[in-house]
Amino acid sequence: MSRPPLLLHAFSSFAVGGAQVRFAAIANRYPDAWRHAIVAMDGNTECRERLSPELEVSFPEVGIRKGDTLGNVRRFRRVLRELRPHALVSGNWGAIEWAIANVWPVVRHIHTEDGFGPDEGRGQLPRRVLTRRIFLRRATVVLPSRTLWRIATEVWRLAPGRLRYIPNGIDLARFAAPAATGAAEEPVIGCVAALRAEKNLARLLRAFRLVADAMPARLVIVGDGPERGALEALAGTLGVGARVQFTGHVAEPQRFYRGFDVFALSSDTEQMPMTVLEAMAAGLPVAATDVGDIKEMLAAENRDFLTPLDDAALAGALVALLRQPALRRAVGAANRARAERDYDQETMFRAWRAVFDGVASI
């Protein structure tokens, strides 16, 4: 029997994050469809814990040198010629050197864009716009949000025929347990996020300080990242350290959702965050900054609790939900119904399989 085709995945990082978790779910769903070679540009392969042992996966050594773009491009092109994968799958700006290496195509190229770091969160950088315009023009570009579609067509000027809109999906069964009823004396605000600058969890801590001034409450932040030390220090400075729990990295965070009364997101930039889908699937109301496609994702009943990038506005949305248990349950139920209707992961799986197999490529 012939072996399954090889997909070479280039991630800026293979730490646990939305794009990485999505890839793991797709790969696990089709264990016999492909072999996978995974390159993490920063060397972090933490998300390998999400991969099924049934998968045939390798982590080739490529010799990446940060800042050595020309050298990296030569090395990456050599790897592409040696491995001859069925497709190169690159992700976000952090892996753009792989797109450059394949500009005179060695293999079919699929590129995914899931959002931006703090350097692009509030505006596109001209050099990056031009680079994407030039080096992604022959790729199949997969986007999970309408916001990114508009950027790709209007700013990067990529041909619409090259783009694929595939919204993220969620394993509804894993999050099917009912959310907290709000009967506890101190309701719980929950956030699941990588502790990075663009998530602006400092905004959430400042908003929580305002919430704690108004009523009893606790805040649980699930995740880890480079901002953790500064955030823990800020919680102490704000006088809420005793009411804030930092869990660190958690491989299976769904159990925490069951203890939340409200899910909070304070990001400066997002597109279609997986954690919001998880909160919806868990039947939770969401108080969040109005960024990316979040407004389009949520049930209509939840949209009044989206706010500008402002501490006091976010605190107001949180207090409004925390003080009204019946409202929380109604909004959470509407979010769960919306997730069931529009975001079942099987639809996402089928679309991604078509892209990986080449059925949807050009």
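My aim in this report is to walk through the structure given alongside it, one point at a time. (Residues numbered from 1 in each chain as written. Predicted model: local features only at pLDDT ≥ 70, side-chain atom pairs only at ≥ 80, totals over all residues. Heavy atoms only, no water.)

Structural notes on the sheet that holds strand β3 (residues 57-58)
Move 1: Ordered in space as β3-β2-β1-β4-β5-β6-β7, the seven strands form an open sheet in which the pairing is parallel. Whereas interior strands pair on both sides, the edge strands pair on one side only; in this sheet they are β3 and β7 (163-165).
Move 2: By the bridge criterion, two bridges tie strand β2 (residues 35-40) to β3 in an arrangement that is parallel. Within the sheet, the bridge partner assigned to A37 lies in β3 and is S58.
Move 3: The strands touched by helix α1 (residues 18-29) are β1 (6-11), β2 and β5 (109-112); relative to β1, the strand with the most contacts, the crossing angle is about 165 degrees. (Pairing = 2+ DSSP bridges. Helix = DSSP H or I, 4+ residues; strand = E, 2+ residues; numbered from the N terminus. Contact = heavy atoms within 4.5 Å. Axes fitted to C-alpha atoms, helices over the stretch in contact; angles between N-to-C directions.)

Brief notes about the pairing of strand β12 (residues 286-289)
Move 1: Of the two faces of β12, both are covered, the one formed by V286 and A288 as well as the one formed by A287 and T289.
Move 2: Sheet topology note: the strand β11 (residues 262-265)/β12 ladder contains three bridges and is parallel. Looking at β12, one finds that L265 is bridged to A288.
Move 3: With helix α9 (residues 274-281) bridging β11 and its parallel neighbour β12, the resulting β-α-β unit is right-handed.
Move 4: Inspection of the sheet shows β12 paired to strand β13 (residues 306-307) by two bridges, in the parallel sense. (Buried < 20%, exposed > 50% of the residue type's maximum accessible area, 1.4 Å probe, protein only. Right-handed = clockwise from strand over helix to strand, strands pointing away.)

Remarks on helix α5 (residues 146-155)
Move 1: T147, L148, I151 and A152 are the residues of α5 that are buried. All buried residues of α5 project into a common sector of 135 degrees when viewed along the axis, lining one side.
Move 2: Where α5 is buried, its residues touch β6 (140-143) and β7.
Move 3: Two residues or fewer after α5 comes R157, characterised by a positive phi angle close to 60 degrees. (Arc of directions from axis to C-beta.)

A closer look at the packing of aromatic side chains
Move 1: Tallied over the entire structure, the rule returns 13 aromatic pairs.
Move 2: With a centroid separation of 5.7 Å and an interplanar angle of 55 degrees, the aromatic rings of F11 and F23 are classed as tilted. Of the two residues, F11 sits in strand β1 while F23 sits in helix α1, which places them twelve residues apart along the sequence.
Move 3: Exposure remark for F11: the relative accessible area of 10% places this residue in the buried category.
Move 4: Ring geometry for F14 against F59: centres 6.3 Å apart, planes inclined by 55 degrees, an arrangement best described as tilted. Taken together, the residues F14 in the loop between β1 and α1 and F59 in the loop between β3 and α2 (69-83) connect sequence positions 45 residues apart.
Move 5: For F14, a relative accessible area of 0% corresponds to the buried category.
Move 6: Given a relative accessible area of 23%, F59 falls into the partly exposed group.
Move 7: Linked through ring pairs, Y30, W34, F349, W352 and F356 together constitute an aromatic cluster. (Phe/Tyr/Trp six-rings, centres within 6.5 Å; stacked < 30°, edge-to-face > 60°.)

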